[in-house]
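# Observations on the model geometry
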Amino acid sequence: MAKLQIGIIHLDFPDNPEEESKDYVTCLSTERLSRYAGIPSEGIIGQILRPLAPGERITPENFAANTVFVDLMQGVIASRGPQTKDLIADAKRLRHGTLYVIDRRTRAPEGPVREIREQDIFGEFEVKRGRIVPGSYRPNLKHYILTEDGFFQLGPDLEESLLVVLAAIPDPDDEAESHGLPN
């Protein structure tokens with residue numbers, strides 16, 4: 001099973017000297033990044049707001065999440081969550097009510113929901129008779145991609161689904177070539 005790899009990529013814009021170079025946080029594989037110059041926006045988790053000093057870590061204050069990536073990830077949770085083993089098991093135990101999708105980085109992953117910080121809840125599904133109600137997912141708009149505990153962590157099934165969706169996104173350079181545009 002592949003694992004989500006989170007890394008930093010530095011981009012310069014030689015065709016546009018007015019544009020400052022930028023550091024992005026991405027989850028695309030290094031071999032995919034080295035194949036071409038463009039990065040699909042869905043593969044960019046966010047941007048580092050100021051250059052990091054040697055050894056400095058990315059902090060929530062120095063990071064801006066990419067809404068395109070957040071929307072993609074939330075869409076994966078909404079569409080694939082009801083088929084994941086862990087959420088199906090949780091729904092059976094719950095029987096009726098609200099099933100929260102908890103970020104695995106949380107300090108209290110097995111604790112009552114009231115002990116879990118709001119920023120560590122991806123969203124919620126409605127559960128009836130031990131089953132997740134189709135189309136009931138509501139993303140938590142207060143979930144943070146990055147907290148002092150690190151970057152988001154999906155469960156293994158959702159992470160695998162996210163990787164499949166990201167792998168299916170066409171490379172920007174391939175798109176340009178197919179339309180006869182220069183790279």
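This text goes with the structure placed above it.
Scope of this entry: the structure provided in the associated data block. (Residues numbered from 1 in each chain as written. Predicted model: local features only at pLDDT ≥ 70, side-chain atom pairs only at ≥ 80, totals over all residues. Heavy atoms only, no water.)

## So, the sheet that holds strand β3 (residues 44-48)
Reading across the sheet, the four strands line up as β1-β2-β3-β4 and stay open at both edges, with antiparallel pairing between neighbours. Because the sheet does not close on itself, it has two edges, and the strands there are β1 (7-11) and β4 (63-65). Each adjacent strand pair in this sheet contributes to an overall mean axis angle of 30°, direction not counted. Where strand β2 (residues 22-26) meets β3, four bridges bridge the pair, whose relative direction is antiparallel. Directly across from Tyr-24, in β3, lies its bridge partner Gln-47. (Pairing = 2+ DSSP bridges. Helix = DSSP H or I, 4+ residues; strand = E, 2+ residues; numbered from the N terminus. Axes fitted to C-alpha atoms, helices over the stretch in contact; angles between N-to-C directions.)

## Section: helix α4 (residues 156-167)
If you check α4, its first and last C-alpha atoms are 16 Å apart, about what 12 residues at 1.5 Å a residue would give, namely 16 Å. Looking at α4, one finds that the buried residues are Leu-158, Glu-159, Ser-161, Leu-162, Leu-163, Val-165 and Leu-166. (Expected span 1.5 Å × (residues − 1). Buried < 20%, exposed > 50% of the residue type's maximum accessible area, 1.4 Å probe, protein only.)

## Quick word on the nonpolar core
Ile-45, Met-73, Ile-77, Phe-152 and Leu-162 are the most contacted members of the largest nonpolar core, which has 32 residues in total. Elements represented by at least two residues in this core include exactly β3, α2 (67-80), α3 (85-94), β5 (97-102), β6 (121-128) and α4. Setting aside chain neighbours within four positions, we find Leu-162 in contact with Leu-4, Phe-69, Leu-72, Met-73, Val-76, Phe-152 and Leu-154. Core analysis: the second largest hydrophobic core is formed by six residues, Ile-9, Leu-11, Ile-39 and Ile-44 among them. (Core = buried A, V, L, I, M, F, W, Y, C linked by side-chain atoms within 4.5 Å. Contact = heavy atoms within 4.5 Å.)

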